[in-house]
Amino acid sequence: MNKDLTTGSVFKSIIYFSLPYLLSYFLQTLYGMADLFIIGQFNGVESTTAVSIGSQVMHMLTVMIVGLAMGSTVIIGRAAGAKETKQANLAIGNTVIMFMFLSIICMALLLLAVKPFIYIMSTPEEAVPGTTSYLIICFIGIPFITAYNIISSIFRGMGDSKSPMYFIAVACIFNIVLDYIFIGISRLGTAGAALGTTLSQTISVIISLIVIKKRKMIPNICLTDFKPKKEMLGSILKIGIPVAAQDGFIQIAFIIITIFANQRGLNDAAAVGIVEKLIGILFLVPSSMLSAVSALSAQNIGAKKHDRAGQILKYATAITVLFGLIISAIMQFTAENAVSLFTGNNEVITLGGQYMRSYVWDCIFAGVHFCFSGYFCAYGLSIISFIHNSLSIICARIPLSYIASKYFTASLFPMGIAAPAGSLLSVIICIAAFIWLKKHPGKIKI
């Protein structure tokens, strides 16, 4: 079910690909949002904090899986652009085998690491039982979370961003229904939130596999494509490992910042957790542009249309900057209203509004380096993304957050500045790398 994205209007191609991705990412974000919203309606601040911390750990693991799968998206995209169906199917088969093996290992290891996670996160004592039950249940569902994200990465590499949208829509509907059953009716608290998330992912995977088989959505794929090939696995991992490492590093930075907030008290922890969820929604456009740039550029690189890949980067960057400017301005006047959707605690609302007003500017700068990262990944240069993200975290995000948490205890506004400051450093590095590569085109090896 390949979609050719190497011809026609660049702007229309970006919109065609990114809108379904935007909607699917929005629906996926609703997982955590639904858990946080519903738990807030039936339980206290300690349960809200538990779900916030637990879902942040799960988000870290999910984005690392998605990052590693970026290697599959790019390899499949290049093959699709070059009209090499056999090579694309081989990449699909090897992706499935590799990730299912990794997911089982990860599930076992993570179940042994629940208590260390609780300790490292400096989880407030009142939230420890809820966070523990949430993580145990979600860790058991790792294979299904992995399966969904792999199915999505495969179809996006083929230029199809609509099918993943339908699959996640099914999961989202089931998640909201199950959350109300488990949290509202059965009063299972944080365990109910985790059960709703895990079971809805499982249902989504089962339904998607049935649809794929019945509609023959991956034509001509055969059993031999699922036989591990060293060269193919190496190509996928060469691109995917730096992306997964950088995404993991970014999430670790978020967790460290959460730890700083947790050490300031339950209200600060709840405020930071709620704002992180809201930022996740606002980052839908930048994230969709990253996916669009990587998948579209990969197809055009496979078709030897390098100028068109550059145009994709330009249009995507313009879109995300415009969005960032608009949403950042709006949030200066509506921050408390947004936070109040998830809690009635006045102190949490005030703290969350402070944090949101400074943090939200990251939508502009992060959007720019997201687009560059997608472009670099399409060329197999994901190591550049790893470098700029690592430097921004080490030199800006973590140290600035620590300083703000220690010396500006009356407000969360200074802590929020760390995120856009780190992203600004990433933007500078990305632009410098892009200019250097343009002057030395021979350094790019596909």
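Cut-offs and rules
Residues numbered from 1 in each chain as written. Predicted model: local features only at pLDDT ≥ 70, side-chain atom pairs only at ≥ 80, totals over all residues. Heavy atoms only, no water. Helix = DSSP H or I, 4+ residues; strand = E, 2+ residues; numbered from the N terminus. Rg over C-alpha atoms; globule rule 2.2 N^0.38 Å. Contact = heavy atoms within 4.5 Å. Lys, Arg positive; Asp, Glu negative; His and termini not counted. Charge placed at Lys NZ, Arg CZ, Asp CG, Glu CD. Salt bridge = Lys/Arg side-chain N within 4 Å of Asp/Glu carboxyl O. Buried < 20%, exposed > 50% of the residue type's maximum accessible area, 1.4 Å probe, protein only. Phe/Tyr/Trp six-rings, centres within 6.5 Å; stacked < 30°, edge-to-face > 60°. Axes fitted to C-alpha atoms, helices over the stretch in contact; angles between N-to-C directions. Parallel < 35°, antiparallel > 145°, perpendicular 65-115°, else oblique. Left-handed = near helix turned anticlockwise from the far one by under 90°. Patch = residues over 30% accessible without salt bridge, like charges linked within 9 Å, V, L, I, M, F, W, Y side chains within 5 Å. Areas by Shrake-Rupley, 256 points an atom, 1.4 Å probe, with all protein chains shown as cover. Core = buried A, V, L, I, M, F, W, Y, C linked by side-chain atoms within 4.5 Å. Expected span 1.5 Å × (residues − 1). Bend = angle between axes of the 7 residues up to and from the residue.

Colleague: Describe the overall build of the protein, listing the residues and the values that go with them.
Modeller: A count of helices and strands for the protein gives 16 helices and 0 strands. Here the C-alpha atoms of the protein give a radius of gyration of 21 Å, agreeing with the 22 Å that 2.2 N^0.38 yields for 446 residues. The principal-axis extents of the C-alpha atoms in the protein amount to approximately 55 × 45 × 35 Å. The contacts in the protein between residues at least 6 apart in sequence include a share of 83% that link residues at least 24 apart. With 30 positive and 17 negative side-chain charges, the protein shows a separation of 15 Å between the mean positions of the two kinds.

Colleague: Tell me about the pattern of salt bridges, and please be specific about residues and values.
Modeller: Evaluation of the coordinates by the stated rule reveals 2 salt bridges. As a salt-bridge pair, arginine 397 and aspartate 362 come within 3.7 Å of each other at their nearest N and O atoms. A residue pair is termed long-range when its members are at least 10 positions apart, and arginine 397 in helix H15 (residues 382-407) and aspartate 362 in helix H14 (residues 362-378) qualify at 35 residues. For aspartate 362, a relative accessible area of 1% corresponds to the buried category.

Colleague: If you had to explain the packing of aromatic side chains to someone new, which residues and values would you point to?
Modeller: Enumeration over the complete set of coordinates arrives at 12 aromatic pairs. Measuring from ring centre to ring centre gives 6.2 Å for phenylalanine 11 and tyrosine 315, while their planes differ by 55°; the resulting arrangement is tilted. One end of the pair, phenylalanine 11, is in helix H1 (residues 10-42); the other, tyrosine 315, is in helix H12 (residues 306-339), with 304 residues separating them in the sequence. Overall, tyrosine 315 belongs to the partly exposed group, its relative accessible area being 35%.

Colleague: Now, about the packing of helix H3 (residues 85-112) against helix H5 (residues 128-140): what can you tell me, with residues and values included?
Modeller: Viewed as axis vectors pointing N to C, H3 and H5 meet at an angle of 165°, and their least axial separation amounts to 9 Å. Taken together, the axes of H3 and H5 lie roughly antiparallel to each other. You can see that H3 and H5 cross each other, and the crossing is left-handed. Packed against H3, whose contacting residues are Met107, Leu110 and Leu111, the element H5 presents Ile136, Phe139 and Ile140 at the interface.

Colleague: How would you summarise a nonpolar patch on the surface if you had to cite specific residues and measurements?
Modeller: Together, Leu400, Tyr402, Ile403, Tyr407 and Phe408 make up a nonpolar patch on the protein surface, roughly 540 Å² of accessible area in all. Mapped onto the elements, tyrosine 407 comes out in helix H15. Note on tyrosine 407: relative accessible area 64%, which makes it exposed.

Colleague: Give me the nonpolar core: which residues, what numbers.
Modeller: Grouped together as the largest cluster of nonpolar side chains are 126 residues, with contacts concentrated most on Met58, Phe117, Phe139, Leu282, Tyr355, Met356 and Phe376. The greatest single-element share of this core, amounting to 13 residues, is contributed by helix H9 (residues 230-262). Filtering out sequence-adjacent residues up to four positions away, phenylalanine 139 remains in contact with Val57, Met58, Leu61, Met107, Leu110, Leu111, Val114 and Phe117.

Colleague: Now, about helix H10 (residues 266-282): what can you tell me, with residues and values included?
Modeller: Taking 1.5 Å as the rise per residue, H10 with 17 residues should run 24 Å; its terminal C-alpha atoms sit 25 Å apart, in good agreement. Counting buried residues along H10, 13 of its 17 residues qualify, which places the element largely inside the surrounding structure.

Colleague: Would you mind going over H9 in detail, with residue names and values included?
Modeller: Taking 1.5 Å of rise per residue, 33 residues should cover 48 Å, and H9 covers 44 Å from first to last C-alpha, within 8% of that figure. The sharpest bend along H9 measures roughly 30° and falls at glycine 240, with the proline proline 242 sitting one to four residues further on.

Read these as spatial facts, not as claims about activity.
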